Amino acid sequence: PDVKVEDVLRHESGLANLHVGIEPTHLLKDHLHKGTVASLIANNKQTFPDSTPREYHNLTGGWIINEVVRKATPDNVTLGTYIRREFYKKHNVDVHLGLTKEELARTHPLKAMTVTKAVLQSLIPNAFGGEVEHNIFVFGKILNSFKKKFMEVEKRGFAPMFAGQSQQGDPGKSIPEFFNSSVWREGESPAGSVHASARALAKLAAAMSMGGKVEGGEVITPGAWSLLHANPVCRPDAQFGMARTEFTQGGVNMYKDYEDDTMKERLMKSGRDGFVGWKGMGGSVIQWHPKLQIGFGYACTFLTWWDMVNTKARKMQKEVKSCVQRAKEKNTDVNNNEPTATS
């Protein structure tokens, strides 16, 4: 079937997986203009899950949208170039896609626990310094789920996202090693290789919570903000074990609590009701709450690669939301402004 941009952004294009892996060097800006990635995806056969059109596009969605931006912009720039120009240079929002050689020095190496260490840490209660959120029984189930999703041989005939990439080995070693590589940091994978501090993510999220306004300017116009959030569609997502997601035509997820939420859905959304945005592999989050005007950003250099619901950030979001709600109930100025005299 024909694919619209909104289908890609709702993860319903049938292109969540590839039959031929790409080379990481093909994501470098100079190589993107050669169209290698575009050709590979264009020749890829669409494949949909059996019971839902939605299957989260881990990386492919970002690659497709980058091609759309490159074709739609008058000067044919990549999304990384656009972000640098419109966010960083115009508004000093320190968010980047595709780092320069000079910017590589500003990055901090990512780290993670090996499988063995994580299992041992799950035996230690958190009260006694255990570094894994879950006990050994829960963590065992999470680890098995991770292995089935990312480490077992793909039964539908899809290739690893990157040519030559092994699905075996210890993710606590292989994931940081790949993410720390210069080719990954310099390349443009919009759904995976954006680099930012937590402060930068929070600044951008705060602007989104205010309709796109940031320090007297606009990161996007009110009309674009409305289009970004328009027409959310709630459907089961095959990538998340048929847990429902609610993506808009602009590709942001609406986090809403439903009365019939399953356990998987409660884990994904607990504390996030009313938030909009995304979460990233390893723990990072950029989300905003338009009603309460909260912008939340969380970035980490220590990756919890097994945690698909970003538990640490979720708990902090829940507390932030609770604090803001209590402050509003007490009519407290959360920005500590001086009280204004009224007659």
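Residues numbered from 1 in each chain as written. Predicted model: local features only at pLDDT ≥ 70, side-chain atom pairs only at ≥ 80, totals over all residues. Heavy atoms only, no water.

Student: How would you explain the overall build of the chain if you had to name every residue and give the values?
Tutor: What the chain contains, in helices and strands, is 13 helices and 12 strands. The C-alpha atoms of the chain give 21 Å as radius of gyration, which agrees with the globular expectation for 343 residues (20 Å, within 12%). Reported as C-alpha extents along the three principal axes, the dimensions of the chain are approximately 70 × 55 × 45 Å. The long-range fraction of contacts in the chain, counting pairs at least 24 apart against all pairs at least 6 apart in sequence, stands at 61%. Of the side-chain charges in the chain, 44 are positive and 37 negative, and the distance between the mean point of each set is 2 Å. (Helix = DSSP H or I, 4+ residues; strand = E, 2+ residues; numbered from the N terminus. Rg over C-alpha atoms; globule rule 2.2 N^0.38 Å. Contact = heavy atoms within 4.5 Å. Lys, Arg positive; Asp, Glu negative; His and termini not counted. Charge placed at Lys NZ, Arg CZ, Asp CG, Glu CD.)

Student: Residues and numbers for the pattern of salt bridges, please.
Tutor: In the structure shown here, the tally under the stated rule is 17 salt bridges. For the salt bridge of Lys-256 with Glu-246, the shortest nitrogen-to-oxygen distance reads 3.1 Å. Placement of Lys-256 in the loop between strand E8 (253–254) and helix H12 (263–269) and of Glu-246 in strand E7 (residues 243–247) is noted, with a sequence separation of 10 residues between them. Salt bridges linked by common partners bring Arg-244, Asp-260, Asp-261, Glu-265 and Lys-269 together as one network. (Salt bridge = Lys/Arg side-chain N within 4 Å of Asp/Glu carboxyl O.)

Student: An account of the side chain of His-11 is requested, with residue identities and associated values reported.
Tutor: As for its position among the elements, His-11 is in the loop between helix H1 (5–9) and helix H2 (29–32). Non-local contacts of His-11, meaning those with residues more than four positions away in its chain, are made with Pro-53, Arg-54, Glu-55, Tyr-56, His-57 and Phe-247.

Student: Give a detailed account of the nonpolar core, specifying residues and quantitative values.
Tutor: Ranked by size, the top nonpolar core spans 62 residues in total, and within it Ile-22, Trp-63, Phe-162 and Trp-305 carry the most contacts. Residues in contact with Ile-22, not counting those within four places in the same chain, are Leu-27, Val-37, Leu-40, Trp-63, Met-161, Phe-162 and Ala-163. Of all hydrophobic cores here, the second largest spans six residues; its members include Tyr-56, Phe-240, Phe-247 and Val-309. (Core = buried A, V, L, I, M, F, W, Y, C linked by side-chain atoms within 4.5 Å. Buried < 20%, exposed > 50% of the residue type's maximum accessible area, 1.4 Å probe, protein only.)

Student: Go over the pairing of E7, please, and point to the residues and values.
Tutor: Counting buried positions over the five residues of E7 gives five, a clear majority of the element. By the alternation rule, side chains of E7 split into Ala-243, Thr-245 and Phe-247 and Arg-244 and Glu-246, which are all buried. Taking the residues between adjacent antiparallel strands as the criterion, strand E6 (residues 233–237) and E7 are bridged by five residues, where Gly-241 takes a positive phi near 65°. (Pairing = 2+ DSSP bridges.)

Student: Can you break down the side chain of Arg-84 residue by residue, with the values?
Tutor: Inspection of the secondary structure assignment puts Arg-84 in helix H5 (residues 79–91). With relative accessibility at 18%, the residue Arg-84 sits in the buried group. If we ignore the near neighbours within four places in the chain, the residues touching Arg-84 are Lys-89, His-96, Gly-98, Leu-99, Thr-100 and Glu-103.

Student: Help me get a handle on the packing of aromatic side chains, residues and values and all.
Tutor: The description of an aromatic ring pair rests on the distance of the ring centres and on the angle between the ring planes. All told, the structure shown has 13 aromatic pairs when counted by the stated rule. Centre to centre, the rings of Phe-179 and Trp-184 are 5.4 Å apart; their planes meet at 25°, and the pair counts as stacked. As far as the burial class goes, Phe-179 and Trp-184 line up, both buried. An aromatic cluster is present here, built from Trp-63, Phe-162, Phe-178, Phe-179 and Trp-184 joined pairwise through their rings. When the ring centre of Tyr-255 is taken as reference, the NZ or CZ atom of Arg-272 above it lies at 6.0 Å. (Phe/Tyr/Trp six-rings, centres within 6.5 Å; stacked < 30°, edge-to-face > 60°. Lys NZ or Arg CZ within 6 Å of the ring centre and 35° of its normal.)

Student: Any chance you could break down the packing of helix H6 (residues 115–122) against helix H7 (residues 136–151) for me, citing the residues and the numbers?
Tutor: Two measures define how a pair of helices packs: the angle their axes make with one another and the distance between the axes. Contact pair H6 / H7: the axes reach a minimum separation of 8 Å and the direction vectors enclose 150°. Regarding the angle of H6 to H7, the classification is roughly antiparallel. Between H6 and H7 lies a crossing of right-handed hand. Of the residues in H7, those in contact with Val-115, Ala-118, Val-119 and Ser-122 of H6 are Ile-136, Phe-139 and Leu-143. Looking at side-chain class alone, the contact of H6 with H7 contains six nonpolar, one polar and no charged residues. (Axes fitted to C-alpha atoms, helices over the stretch in contact; angles between N-to-C directions. Parallel < 35°, antiparallel > 145°, perpendicular 65-115°, else oblique. Left-handed = near helix turned anticlockwise from the far one by under 90°. Nonpolar A, V, L, I, M, F, W, Y, C, P; charged D, E, K, R; others polar.)

Student: Before we move on, can you summarise unusual backbone geometry with the specific residues and values?
Tutor: The phi angle at His-11 is positive, at roughly 65°, despite the residue not being glycine. Even without glycine at this site, Asn-231 takes up a positive phi of about 55°. Within the secondary structure, Asn-231 sits in the loop between helix H11 (222–229) and E6.

Student: Could you give me a rundown of helix H8 (residues 171–179), with the residues and numbers involved?
Tutor: All buried positions along H8 are accounted for by Pro-171, Gly-172, Ile-175, Pro-176 and Phe-179. Viewed along the axis of H8, the buried residues span an arc of 110°, placing them on a single side of the element. In H8, the exposed positions angled more than 90 degrees off the buried face are occupied by Lys-173 and Glu-177. Those residues of H8 that are buried lie in contact with strand E2 (111–112), H6, H7, helix H9 (182–186) and strand E12 (302–303). In this structure Asp-170 caps H8, since a side-chain oxygen of it lies 2.8 Å from the backbone nitrogen of Gly-172. (Arc of directions from axis to C-beta. Polar contact = N/O pair within 3.5 Å; in protein donor to acceptor, adjacent residues only side chain to side chain.)

Student: Could you give me a rundown of H6, with the residues and numbers involved?
Tutor: Taken residue by residue, H6 has Val-115, Ala-118, Gln-121 and Ser-122 as its buried positions. Mapping the buried residues of H6 onto a view down its axis gives an arc of 130°, with all of them on the same face. Each element contacted by the buried residues of H6 is listed here: H7 and H8.

Purely geometric numbers; function is a separate question.
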